[in-house]
Amino acid sequence: MAQTADLKVEKLFSVKGYVCVITGGGSGIGLMAAQALAANGAKVYITGRRMEALEKAAEFHDPEEGGSIIPLGPCDVTKKDDLAKIYDDLSKKEKYINLLVCAAGISGAKAEPDEESATSLKEKLWNNETFEQWNETYNTDVTSVYFTTVAFLPLLQAGTDAHGHLSASVIVISSMSGIMRHAQGHFSYNAAKGGTVHLTKLMSAEFQKTRVRVNSIAPGYFPSEMTAKQSGADMKSELPDEKIQEKGHVPAMRAGSDEEMAQAVLFLTKNAYVNGEILAVDGGVLNVVSGR
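Residues numbered from 1 in each chain as written. Predicted model: local features only at pLDDT ≥ 70, side-chain atom pairs only at ≥ 80, totals over all residues. Heavy atoms only, no water.

- The name an unreviewed UniProt entry gives the chain is NAD(P)-binding protein, with Glonium stellatum as the organism.
- According to UniProt, the comment filed for the chain under the heading Sequence similarities (unreviewed entry) is "Belongs to the short-chain dehydrogenases/reductases (SDR) family." (UniProt positions renumbered as here; feature names shortened; annotations may be inferred.)

**Focus on the pattern of salt bridges**
1) Next: In total, this model carries eight salt bridges according to the counting rule given.
2) Next: For Lys56, the salt bridge identified is with Glu52, shortest N-O distance 3.8 Å. Placement of the pair is Lys56 and Glu52 together in helix 3 (residues 51–61), with a separation of four residues, close to one helical turn. (Salt bridge = Lys/Arg side-chain N within 4 Å of Asp/Glu carboxyl O. Helix = DSSP H or I, 4+ residues; strand = E, 2+ residues; numbered from the N terminus.)

**Remarks on the side chain of Lys193**
1) Next: Tracing the sequence through the fold places Lys193 in helix 7 (residues 187–206).
2) Next: Buried and unpaired, Lys193 has Asp141 as its nearest opposite-charge partner, separated by 4.6 Å.
3) Next: Leave out the neighbours within four places in its chain, and Lys193 touches Asp141, Ile173, Ser174, Ser175, Ser177 and Gly178. (Buried < 20%, exposed > 50% of the residue type's maximum accessible area, 1.4 Å probe, protein only. Lys, Arg positive; Asp, Glu negative; His and termini not counted. Contact = heavy atoms within 4.5 Å.)

**Some words on the side chain of Thr149**
1) Next: Examined against the element boundaries, Thr149 turns out to sit in helix 6 (residues 131–163).
2) Next: At a separation of 2.8 Å, a polar atom in the side chain of Thr149 contacts the main-chain carbonyl oxygen of Val145. (Polar contact = N/O pair within 3.5 Å; in protein donor to acceptor, adjacent residues only side chain to side chain.)

**A few points about unusual backbone geometry**
1) Next: Cis geometry is adopted by the peptide bond preceding Pro74, which originates at Gly73 and carries an omega value of 5°.
2) Next: By the secondary structure assignment, Pro74 is in the loop between strand 3 (68–71) and helix 4 (80–91).
3) Next: Of note, the phi angle at Arg211 is positive, near 70°, even though the residue is not glycine.
4) Next: Using a relative accessible area of 27% as the deciding quantity, one classes Arg211 as partly exposed.

**Some remarks on helix 3**
The α-helix advances 3.6 residues per turn, and as a result positions three or four apart in sequence lie on the same side.
1) Next: For helix 3, the set of buried residues is Ala53, Leu54, Ala57, Ala58 and His61. Buried residues of helix 3, seen end-on, are gathered within an arc of 130° and therefore sit on one face of the element. Among the exposed residues of helix 3, those oriented more than 90 degrees off its buried face are Glu52 and Glu59.
2) Next: Among the structural elements, helix 2 (28–39), strand 2 (43–47) and strand 3 are those in contact with the buried residues of helix 3. (Arc of directions from axis to C-beta.)

**Examining the environment of Ala39**
1) Next: For Ala39, the location among the structural elements is in helix 2.
2) Next: Through-space distance from the C-alpha of Ala39 to that of Pro63 is 6.0 Å; in sequence the pair is 24 residues apart.

**Examining the state of the cysteines**
1) Next: One pass over the full model with this rule turns up zero disulfides.
2) Next: Cysteine Cys20 is unpaired, with the sulfur of Cys102 as its nearest cysteine sulfur at 13 Å.
3) Next: What makes Cys20 buried here is its relative accessible area of 0%.
4) Next: There is no disulfide at Cys102, and the cysteine sulfur nearest it, in Cys75, is 11 Å away.
5) Next: We classify Cys102 as buried; its relative accessible area is 2%. (Disulfide = S-S within 2.5 Å.)

This is the structure we're talking about:
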């Protein structure tokens, strides 16, 4: 039974001594997760395709004390050889990891289904998307999540052995887009994120035998290279309030903040009684836009 003093925030959500790996960790939500974990004591390895971006992110955002942010890579998560290499490289440095965050993703091709004439709608959707684009989106947003998680299972199980039953976990960054019925102009992305959501549930059930938890954060609009189309020298992006407000379906009337994503990441990292959950952090969008 906990004493009152045991329930202080700094004790509940401390990740001091944790070793974490984040794919897509050089910008956007992946970088937010890296900052949150490093600020609270974790050693965080960030990986991605662009080594320069990883190095910039670590340079600008490595905390002055406590944890650390360390570039690892480069790594294309859609390639088994790259995943195997970073696993081998990390295994030489660390005996275990406590957390894997799968944050790498792409948005895919856009084609707004706003035509009422079936002929016009067919022409627009048929001409603006290809099988190859759909496959690329699915490969990055779903298949890579599976193989990344599988690759790191032994180090994650070692993390549970080191820190307690079901303490090690995976956080999959899916999207509110995988839960809603609105296509948002990109069928391929929303369909893929629906796959990511279900993959999370499958992995949480099947990998429970390894004593590793799997949960997902389904973000709404957060500033990233995907939503803002760019990032600054510090690998951070901006998403002005008016851009969110003009969408007309965001009760919060703004994008999510780094702090709000950090709170979600720390909650799923530290609460070992949560497994297989899809945590929507969306500013209330799913209260407005029809979910499934």
